[in-house]
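Residue-level listing of the chains:
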Protein chains: 2
Amino acid sequence: MDDTDLGWELSTAVVLFHEAVARRLGLSAVDHKALGVITRRGPLTAGALAAELGMNASAVTALVDRLERAGHARRAPDPADRRRVLVHPAGTPALGDVFAALTREMTAMMSKYDERETAAILDYIRNTIAVLRAQTAALTAAGERPRP
Amino acid sequence: MDDTDLGWELSTAVVLFHEAVARRLGLSAVDHKALGVITRRGPLTAGALAAELGMNASAVTALVDRLERAGHARRAPDPADRRRVLVHPAGTPALGDVFAALTREMTAMMSKYDERETAAILDYIRNTIAVLRAQTAALTAAGERPRP
DNA sequence: TTGAATAATCCACTATGTTGAAATATCTTA
DNA sequence: TAAGATATTTCAACATAGTGGATTATTCAA
């Protein structure tokens, strides 16, 4: 019972943190998500980004315009195919600062657990990720079912 | 190093899960957030909801219209002050199903840890919530600093 | 009991992001 | 190398949600 509420609070805290980061960077939710994709999936073509975000090509053109204007990303031609544009992350200092602070706090916090506790915690995190992904997939599938 | 990535993956999984829930219910991010507030803060006046969401009164009128139309909330007069409207959650079956499934999976997953492991995990969750809230507050404060 | 304050709503306007079609450039393959 | 396919961009609607001001109903205070 306590567990459920705690999980819910954690989930809310995560979402609110993401919102705060987006607000800090002056980004909408979609733009922030896109920046996340660009940052971790490395350089990406505009088309791949569109597929990842479920948007069409022209919306992505506008999105990358915004990110580029704000200094969060930059376009570069794809040397392998000159029709393509590769969107690179442009290391925004603000974004780096945000995650450096978070990582520092989390690392400090984790340091007080012994080996066995740490193992349990990491296992829990991995399992939670798996559960969330499965539930997300189930929800998405349920939403698409009535369609075709 | 592994820790950081894991935390990041967990955070992403949480956000994607929230997005999937919103999509499933046919709600925008803001409307979904509002529904969360209404569901856990019980019946709420429109004004209180506006304050919670950082929106003005007329935007909340439109928001509650949407939630009511979709069957996720209902308005009732406040018996204590007839100018006021109380927004009640209207137990959407879809929403209940989503969280029942998640709770079931999470409970099953937690059952395999012994007492000491469980204690460590719960402590970790509590600390993570605290860190995230502090970081969120710091980000928000930083954003508001240059203002007045 | 009258006048000011408050709560919600309505309305016109604005800002933002998205779509779809057309244009351009490049690649692929027959 | 010519025809068709693909990647991105541009542009003109369009949709959605949020703002600010006016309106109505009700409560509070002098």
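Residues numbered from 1 in each chain as written. Chains lettered and ligands numbered in written order. Predicted model: local features only at pLDDT ≥ 70, side-chain atom pairs only at ≥ 80, totals over all residues. Heavy atoms only, no water.

Naming follows an unreviewed UniProt entry, where chain A appears as MarR family transcriptional regulator of Bailinhaonella thermotolerans.

Moving on, we come to the overall build of chain A. The helix and strand inventory of chain A stands at 6 helices and 3 strands. Reading chain A from its N terminus to its C terminus gives the helix and strand order α-α-β-α-α-β-β-α-α. Taking 2.2 N^0.38 as the reference for a compact globule, 148 residues should give roughly 15 Å; the C-alpha atoms of chain A span a radius of gyration of 19 Å, well beyond that estimate. Principal axes of the C-alpha set define a box for chain A whose edges measure 55 × 45 × 30 Å. Among the 148 residues that make up chain A, the fraction classed as buried is 43%. Here the analysis covers contacts within chain A between residues at least 6 apart in sequence; of these, 43% occur between residues at least 24 apart. A total accessible area of about 8,200 Å² is found for chain A, and carbon and sulfur atoms account for 57% of it. In chain A, the 19 positive side-chain charges and the 18 negative ones have mean positions that sit 10 Å from each other. (Helix = DSSP H or I, 4+ residues; strand = E, 2+ residues; numbered from the N terminus. Rg over C-alpha atoms; globule rule 2.2 N^0.38 Å. Buried < 20%, exposed > 50% of the residue type's maximum accessible area, 1.4 Å probe, protein only. Contact = heavy atoms within 4.5 Å. Areas by Shrake-Rupley, 256 points an atom, 1.4 Å probe, with all protein chains shown as cover. Lys, Arg positive; Asp, Glu negative; His and termini not counted. Charge placed at Lys NZ, Arg CZ, Asp CG, Glu CD.)

Close to DNA strand D lie 19 residues; Gly47(A), Arg75(A), Arg83(A), Ser58(B) and Arg83(B) are nearest. Close to the protein, within 4 Å, the atoms of DNA strand D are drawn from sugar and phosphate at a rate of 67%. Between a phosphate oxygen of DNA strand D and a main-chain N or O atom of Gly47(A), the distance comes to 2.6 Å. One of the side-chain N or O atoms of Thr61(A) is found 3.1 Å from a phosphate oxygen in DNA strand D. Looking at the surface near DNA strand D, the elements that each hand over two or more residues are helix H3 (46-53) and helix H4 (57-69) of chain A together with helix H4 (57-69) of chain B. When its residues are assigned to classes, the surface near DNA strand D shows 6 nonpolar, 6 polar and 7 charged. (Near = heavy atom within 4 Å. Polar contact = N/O pair within 3.5 Å; in protein donor to acceptor, adjacent residues only side chain to side chain. Nonpolar A, V, L, I, M, F, W, Y, C, P; charged D, E, K, R; others polar.)

Next up on the list: the pattern of salt bridges. Counting across every chain of the model gives 22 salt bridges over all chains. With a shortest N-O distance of 3.1 Å, Arg75(B) and Glu68(B) are connected by a salt bridge. Residue classification places Arg75(B) among the partly exposed residues on the basis of a relative accessible area of 30%. Three or more residues are tied together by salt bridges with common partners; here these are Asp65(A), Glu68(A) and Arg75(A). (Salt bridge = Lys/Arg side-chain N within 4 Å of Asp/Glu carboxyl O.)

Expressed as a screw transformation, the operator carrying chain A onto chain B has a rotation angle of 180° and an axial translation of 0.0 Å, and the superposed copies differ by an RMSD of 0.1 Å. The transformation relating the two chain copies, once decomposed into turn and shift, fits a two-fold axis. The position closest to the rotation axis in chain A is occupied by the C-alpha of Ile121(A), lying 2.7 Å away. The overlap is high: 100% of the interface residues of chain A also sit at the interface in chain B, so the same surface is used on both sides. (Least-squares fit on C-alpha atoms with pLDDT ≥ 70 in both.)

On to the packing of helix H3 (residues 46-53) of chain B against H4(B). Residues and elements named next belong to chain B. In the contact formed by H3 and H4, the axes pass within 9 Å of each other and the chain directions differ by 105°. Considered as vectors, H3 and H4 are oriented roughly perpendicular to each other. Here Ala46, Leu49, Ala50 and Leu53 of H3 come into contact with H4, specifically with Val60, Leu63 and Val64. (Axes fitted to C-alpha atoms, helices over the stretch in contact; angles between N-to-C directions. Parallel < 35°, antiparallel > 145°, perpendicular 65-115°, else oblique.)

Chain A puts 55 residues into the contact, and the matching count from chain B is 55 residues. In this assembly, chain A packs against chain B so that about 5,400 Å² is buried in total across both faces, 69% of it on carbon and sulfur atoms. Along the contact surface separating chain A from chain B lie 8 salt bridges. In this structure, Asp123(B) and Lys112(A) form a salt bridge, with 3.2 Å as the shortest nitrogen-oxygen distance. Inspection of the region where chain A meets chain B yields 16 residue pairs in polar contact (both at pLDDT 80 or more). Put simply, the parts of the chain that give the side of chain A that touches chain B at least two residues each are helix H1 (2-25), helix H2 (29-40), helix H5 (93-110) and helix H6 (115-144) of chain A. Here the residues of the side of chain A that touches chain B sort into 28 nonpolar, 11 polar and 16 charged. (Buried area = accessible area lost by both parts, 1.4 Å probe.)

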